[in-house]
Amino acid sequence: MDSAFTVLATPGQLTAHKVYEVLRDHSGGPLEFDRILTELGDEQIAGSTLAQEQLLEALLRDDRLRSARGYRQRFSMSGRSIRLRPPGNRAELAIEQENEQVKEQLLKQLREVPPEVFEHIVADLFTAMRYEDVTVTRRSKDGGVDVRATLVAGGVMTVPTAIQVKRWSKPVTVKEVRELRGTLRPGTQGIIVTTGKYTKDAPKEALDDALTPIHLIDGRLLTDLLTEHGIGVQASRLSLLSLDLEALASITGKAGSPIQGSPSQPSQNAQPRYYIEKMPSDRGKDLLDCIVSMTDLADGQPSWDDYVAKFQERFPTITRSDEARRRSRVLVSLGLVDVENDHMNLTLAGRKLLEYPDSSFLLELFLSRIVGAREIEELSRSLAREDLRKKLQDGSLAGLTPTQATLVEKWLSHIKKPAASR
């Protein structure tokens with residue numbers, strides 16, 4: 001984290017950055033809210049709904065702020081868990097790179113405008129930031145202060161603000177920080193805005209607890225703030241498309257959309273249900289081992305293409321890449337993996353399966369997410385397997401063709417097969 005950010009960041013921004021560091025230390029997550037609060041040192045309030053909502057709001061504000069400043073968002077949230085977004089796709093990376101170039105051009109222009117013009121640009125920025133009574137001072141008549149403004153906090157407190165602007169390429173030093181502090185009236189906060197940077201010791205001087213704090217804005221943060229408030233830049237809006245494998249996993253053949261719930265247990269299965277693909281291996285390998293192996297390949301957020309290549313190495317009999325892709329989608333159907341920006345991401349369920357490979361857990365996922373699985377499981381308890389398969393062939397199971405129903409039954413029999421006979 002750079003020093004200027006440390007000085008100026010709001011509590012919400014600092015929280016978001018700490019969450020980012022926690023997730024980075026845990027391979028990008030996902031982590032549940034309680035776990036994150038514990039990692040942040042808030043173990044006593046980890047179970048508090050209010051604390052979780054405040055954490056969520058801080059992360060949502062961070063996403064909105066980064067978007068307004070031309071950066072891609074950092075977090076993905078699903079249910080009560082959070083993870084880091086995977087690396088951006090080529091379009092996102094190109095947009096970010098273009099935004100950085102625009103900001104560099106903006107900074108160059110700021111260094112070339114006349115000093116009085118730069119002062120008015122900064123004044124416009126603080127007006128956009130909802131400071132009140134923003135005024136450019138008469139040059140050389142106000143002790144080095146270029147702009148004066150008033151920060152109104154919550155409508156109950158006003159803070160006079162003295163702003164010094166420096167259209168510099170060289171770094172601002174401790175000397176300039178001390179000089180501004182020496183001109184401040186009691187109760188006035190000071191801010192230095194520069195188009196350059198600060199020396200390493202300048203932020204330490206600015207934040208000295210024993211002295212009036214001076215807030216620092218360097219060139220990078222200045223262009224971020226100008227971008228956020230639309231001063232000197234224009235933002236265009238274009239929809240960016242990304243592959244939604246979850247939608248693909250939920251449809252097949254005649255099925256036109258995800259099936260919500262099931263006739264037998266509508267309240268228990270409120271989440272979308274998915275159609276299942278063929279077995280991941282065509283060599284009769286243990287199904288649990290295959291699924292665990294496939295899930296393990298998704299660790300580290302590989303791209304979709306990289307994942308398919310790894311899949312074909314692990315299952316060499318699947319020689320066609322399109323077939324490998326189709327069979328790999330079972331991980332999305334089972335809720336073990338999701339896909340964002342063409343990258344595979346382990347879910348909490350996926351990490352749990354890797355840590356504790358267990359067929360009963362896999363069965364639980366299968367019954368809760370796959371169309372017709374619970375109904376066929378119930379039928380299997382009262383019918384012999386031969387009779388069950390005859391019933392599935394008559395096409396009477398809602399939402400499934402006979403072929404689909406037979407495939408679901410095959411999966412169930414393999415998942416439930418005793419370990420000794422696998």
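Owing to the predicted nature of the structure, the values given are computational and were not obtained by experimental measurement.

**Student:** Sorry, what's going on with empty space enclosed by the protein here?
**Tutor:** If a probe the size of a water molecule is rolled over the atoms, the empty space left behind becomes visible. Considering all chains together, one arrives at one cavity of 30 Å³ or more under this definition. Taken as a whole, the largest cavity holds about 50 Å³ of empty space. If you trace the largest cavity, you find it lined by S27, G29, R83, A298, D299, G300, Q301, N345, L346 and R351. Considering only residue class, the lining of the largest cavity consists of two nonpolar, five polar and three charged.

**Student:** Would you mind going over unusual backbone geometry with me for this structure?
**Tutor:** When glycine is set aside, most residues are seen to have a negative phi, and most peptide bonds are trans. Cis geometry is found at the peptide bond from G29 to P30, where omega equals 10°. Examined against the element boundaries, P30 turns out to sit in the loop between helix 2 (11-25) and strand 1 (31-32). The backbone of R130 shows a phi angle near 75°, a positive value even though the residue is not glycine. Take R130: it is sitting in the loop between helix 6 (115-128) and strand 4 (132-136). Classification of R130 by relative accessible area gives exposed; the value is 74%.

**Student:** Just checking my understanding: could you explain the packing of helix 17 (residues 373-380) against helix 19 (residues 402-416) for this structure?
**Tutor:** Between two packed helices, the angle of one axis relative to the other and the distance separating the axes together describe the packing. Contact pair helix 17 / helix 19: the axes reach a minimum separation of 10 Å and the direction vectors enclose 65°. Comparing their axes, helix 19 and helix 17 come out roughly perpendicular. Classified by chirality, the crossing of helix 19 by helix 17 is right-handed. On helix 19, the residues that touch A373, I376, E377 and S380 of helix 17 are A405, V408, E409, L412 and K416. Here the residues of the contact of helix 17 with helix 19 sort into five nonpolar, one polar and three charged.

**Student:** How should I be thinking about the pairing of strand 12 (residues 343-346) in this particular structure?
**Tutor:** Side chains of strand 12 alternate between two faces, with H343 and N345 and M344 and L346 buried alike. One ladder, built from four bridges, connects strand 11 (residues 337-340) with strand 12; its direction is antiparallel. The partner of E340 across the bridge, within strand 12, is H343. Linking two consecutive strands that pair antiparallel, namely strand 11 and strand 12, is a turn of two residues; a positive phi of about 50° is found at N341 within it.

**Student:** What's the story with the sheet that holds strand 6 (residues 157-166) in this structure? I'm lost.
**Tutor:** Within a sheet, each strand pairs with its neighbour through backbone hydrogen bonds, oriented either parallel or antiparallel. Pairing within the open sheet is mixed, and its five strands lie in the order 4-5-6-7-8. Every other strand in the sheet has two partners, leaving strand 4 and strand 8 (214-217) as the edge strands with one partner each. The average undirected angle you get between the axes of adjacent strands in this sheet is 25°. In this sheet, strand 5 (residues 147-153) lies alongside strand 4 in antiparallel orientation, the contact comprising three bridges. The residue of strand 5 that forms the bridge with E132 is T150.

Parameters and conventions
Residues numbered from 1 in each chain as written. Predicted model: local features only at pLDDT ≥ 70, side-chain atom pairs only at ≥ 80, totals over all residues. Heavy atoms only, no water. 1 Å grid on protein atoms, 1.4 Å probe; cavity = no way out; pocket = protein on both sides within 12 Å on 5 of 7 lines; lining within 4 Å. Points joined across faces, edges and corners; volume = space filled by probe spheres on them. Nonpolar A, V, L, I, M, F, W, Y, C, P; charged D, E, K, R; others polar. Helix = DSSP H or I, 4+ residues; strand = E, 2+ residues; numbered from the N terminus. Buried < 20%, exposed > 50% of the residue type's maximum accessible area, 1.4 Å probe, protein only. Axes fitted to C-alpha atoms, helices over the stretch in contact; angles between N-to-C directions. Parallel < 35°, antiparallel > 145°, perpendicular 65-115°, else oblique. Left-handed = near helix turned anticlockwise from the far one by under 90°. Contact = heavy atoms within 4.5 Å. Pairing = 2+ DSSP bridges.

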